[in-house]
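Chain by chain, the residues run as shown.
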Amino acid sequence: MKKVILTLAAVAFMATSAMAQKVNADAIRDKIEKGVAATQDAKKSTKSATWISLGKAYYEAGTANTAALFPGMTYDMLVLSIGKASNEAEPEVRTIGGKDYAGLKYDAIIVYLDPSNNTVHTWEETKPIISENPFEKSIEAYKKAYEIDPKSASKVIDGYNSVITALTNDGQGFYEFGEFTKAANNFAAAATYALEIPNGPAENAQQLLFFAGVASVQAELYEQAEKMVTKLLESGYEQNGDCYIYLATAQDKLGKKAEAKETYLAGIKKYVNNTALLSQFISFAIMNGEDPAIILPYVLTAQEADPQNTGLMLAEGIVYDKMKDYDKAVAAYDKALKINPEFFGALYNKGFAYYTKAGEINKEIGKTDYTNKARIEELRKEFVETMKAAIEPFEKAHELNPKDPSVVELLRSSYFSLREEGDDMLEKYKHFDSLSKSMK
């Protein structure tokens, strides 16, 4: 990664380094200071233009360090725009979303470069121009301008939109980093301003509320998530049922179990094809002692309306699994596999249904009186047959996704249970045991 970056740096720097731009933070702070002074002047403070100018100055403070950047920006454009990084020779490596990126340090920012194509992925500001929240101060100024003169609405709206865009971009950047609290707060602020903008709300206000709700759940800011998503549902924005998932999750985490259940069921009644919603409710029902059977009618009704939807068949199987009716679970997974023989989820769950059933049989063996040899032998044969039945879908799932460690571990465990059934089973156990260890 370093070698590639250095090669590009040599070309770009020779051609364009003299054109690199530098942010004059002192000038921006001076502009803000003068703007604040103007708002304290008895005459100037009564003019909307004074406050609009201050709003622009605060906006500039919030964006100047990163204004020249955009995702996908090529490395030579980066050098052209802001120059070479101080750690050009040895960029730091940071893992974002499971992938390594090269971190290039500048005076006030770190830019993260994708080494696969040497383009800008994202960035973070390390030295803000002012310590206060510049976007909050900017909106305060625009509000004052509109309060003084409603005829300034068009300029105020432009100012609002600039701040909303900047907050959204920053929120997306934080989300990429996995800094969900910062992302949630940025999206929440952007959504709030989009809702209160003069002559609003803005067209993207609901989408921003949704982003804020999602990020808030991931940040474990459940009260904020509940507030944001409730607003969405009240406005009629439901994101194909996903809003019910995030609201119910927030309510569940806040201890509002009854409300969460009502939210799930309300969502399922309207969006019976949303398999994620169904799966989330099934998990909720099990964790909270609810009977998962109450979801089954919704799943079956949805299948009648969409008989080719393998996701609904998977959901049916999961319900039966939770009810410990493994034969019906397998039948549901087989329906899905008849339509799509390479459906990894159905293969995995079918194998796991047999695997779990075999475990139940093994428990029964342990409970059986040791003198009842006929019954023990009967159960042992049933155990072997059931475990062998698990192996076939697990093997197919492994063929589809050989790097999935959970499938490898289940195959290792299954063959271990059958290692005394023949040399082939023992060899298979050794193979998957070795593979499992290599993946850890």
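For every chain, the first residue of the written sequence is number 1, and numbering continues from 1 along that sequence. Where local features are concerned, this predicted model is filtered to residues with pLDDT of at least 70; where side-chain atom pairs are given and counted, the filter is 80 or more; whole-chain, interface and lining totals use all residues. Side-chain metrics in this entry use all non-hydrogen atoms of the structure; hydrogen atoms and water are not considered.

K.L.:
An account of the overall build of the chain is needed here, citing residue identities and associated values.
P.N.:
Think of it this way: any DSSP run of H or I at least four residues long counts as a helix, any run of E at least two long counts as a strand, and we number them from the N terminus. Of regular secondary structure, the chain possesses 19 helices and four strands. Restricting the calculation to C-alpha atoms gives the radius of gyration, and the globule rule supplies 2.2 Å times the number of residues raised to the power 0.38. The globule rule puts the C-alpha radius of gyration for 440 residues at 22 Å, and the 30 Å found for the chain is more than 25% above it. Taking the principal axes of its C-alpha atoms as reference, the chain extends roughly 100 × 55 × 35 Å. Using a 1.4 Å probe on the protein chains alone, a residue whose accessible area is under 20% of its type maximum counts as buried, one over 50% counts as exposed, and one in between counts as partly exposed. Looking at the chain as a whole, 45% of its 440 residues are labelled buried.

K.L.:
So what about the environment of alanine 212? Which residues, and what values?
P.N.:
With respect to the helices and strands, the residue alanine 212 is situated in helix α8 (residues 205–218). Along the chain, alanine 212 and phenylalanine 187 lie 25 residues apart, while their C-alpha atoms are 4.8 Å from each other.

K.L.:
So, the sheet that holds strand β1 (residues 92–96): which residues are in play, and what are the values?
P.N.:
In short, DSSP must find at least two bridges between two strands for them to pair. With antiparallel pairing, four strands are arranged side by side in an open sheet as β1-β2-β3-β4. Looking along the sheet, the strands with just one partner apiece sit at the ends: β1 and β4 (119–125). Taking each pair of neighbouring strands and ignoring which way they run, the sheet shows an average axis angle of 35 degrees. The sheet contact formed by strand β3 (residues 109–114) and β4 spans six bridges and is antiparallel. Counted as the bridge partner of isoleucine 109 is glutamate 125 from β4. Those strands touched by helix α6 (residues 153–177) are β1, β3 and β4, and its axis lies near 100 degrees from that of β4. Note on geometry: axes are lines fitted to C-alpha atoms, helical ones only across the stretch in contact, with angles between N-to-C directions running from 0 to 180 degrees. Working rule for contacts: check all heavy atoms of both residues, and any pair within 4.5 Å makes them a contact.

K.L.:
Mind laying out unusual backbone geometry, listing which residues take part and the relevant values?
P.N.:
At the junction of glycine 200 and proline 201, the peptide bond is cis and its omega measures out at 0 degrees in the coordinates. Mapped onto the elements, proline 201 comes out in the loop between α7 (180–196) and α8. Phi is positive for glutamate 220, close to 65 degrees, though the residue is something other than glycine. Within the secondary structure, glutamate 220 sits in the loop between α8 and α9 (222–234). Taking the relative accessible area as the measure of exposure, glutamate 220 reaches 58% and is therefore exposed. For lysine 324, which is not glycine, the phi dihedral falls at a positive 65 degrees.

K.L.:
Quick one: what's the story with the confidence of the model for the chain, residue by residue and with numbers?
P.N.:
pLDDT expresses how confident the predictor is about each individual residue, on a scale running from 0 to 100. Residue-level pLDDT values for the chain average 90, and 95% of them are 70 or greater. Between residues 1–19, whose pLDDT stays under 50, and residues either more than four places distant or in other chains, the model counts 30 contacts.

K.L.:
Account for the packing of helix α3 (residues 48–63) against α6, naming residues and giving values.
P.N.:
Geometry of a packed helix pair, given as the angle between the helix axes and the separation of the axes. For the pair α3 and α6, interaxial distance at closest approach is 11 Å and the crossing angle is 15 degrees. As far as their axial angle goes, α6 and α3 are roughly parallel. Crossing hand, α3 versus α6: left-handed. Contact residues: Ile52, Tyr59 and Thr63 in α3; Lys155, Val156, Ser162, Val163 and Ala166 in α6. Only Asp, Glu, Lys and Arg are considered charged, only Ala, Val, Leu, Ile, Met, Phe, Trp, Tyr, Cys and Pro nonpolar, and every remaining residue, Gly among them, polar. Per-class residue counts for the contact of α3 with α6 are five nonpolar, two polar and one charged. Relative orientations are named as follows: roughly parallel for angles under 35 degrees, roughly antiparallel for angles over 145 degrees, roughly perpendicular for angles from 65 to 115 degrees, and oblique for any other angle. Crossing handedness is defined as follows: a turn of the near helix away from the far one that is anticlockwise and smaller than a right angle gives a left-handed crossing, while the clockwise case is right-handed.

K.L.:
Could you give an account of the pattern of salt bridges, naming the residues involved and the relevant values?
P.N.:
When a carboxyl oxygen of Asp or Glu is within 4 Å of a side-chain nitrogen of Lys or Arg, the pair counts as a salt bridge. The tally for this structure, following the rule as stated, stands at 29 salt bridges. Here lysine 34 ties to aspartate 30 by a salt bridge, and the two come within 3.3 Å at their closest N and O atoms. Of this pair, lysine 34 and aspartate 30 both sit in helix α2 (residues 25–39), separated by four residues, roughly a single helical turn. Residue class for lysine 34 comes out exposed when judged on its relative accessible area of 56%. Judged by relative accessible area, which is 34%, aspartate 30 ranks as partly exposed. With a closest N to O distance of 3.8 Å, lysine 430 and glutamate 427 form a salt bridge. Of this pair, lysine 430 and glutamate 427 both sit in helix α19 (residues 423–438), three residues apart, which is roughly one turn of the helix. Where salt bridges share partners, they join Arg94, Glu124, Glu179 and Lys182 into one cluster.

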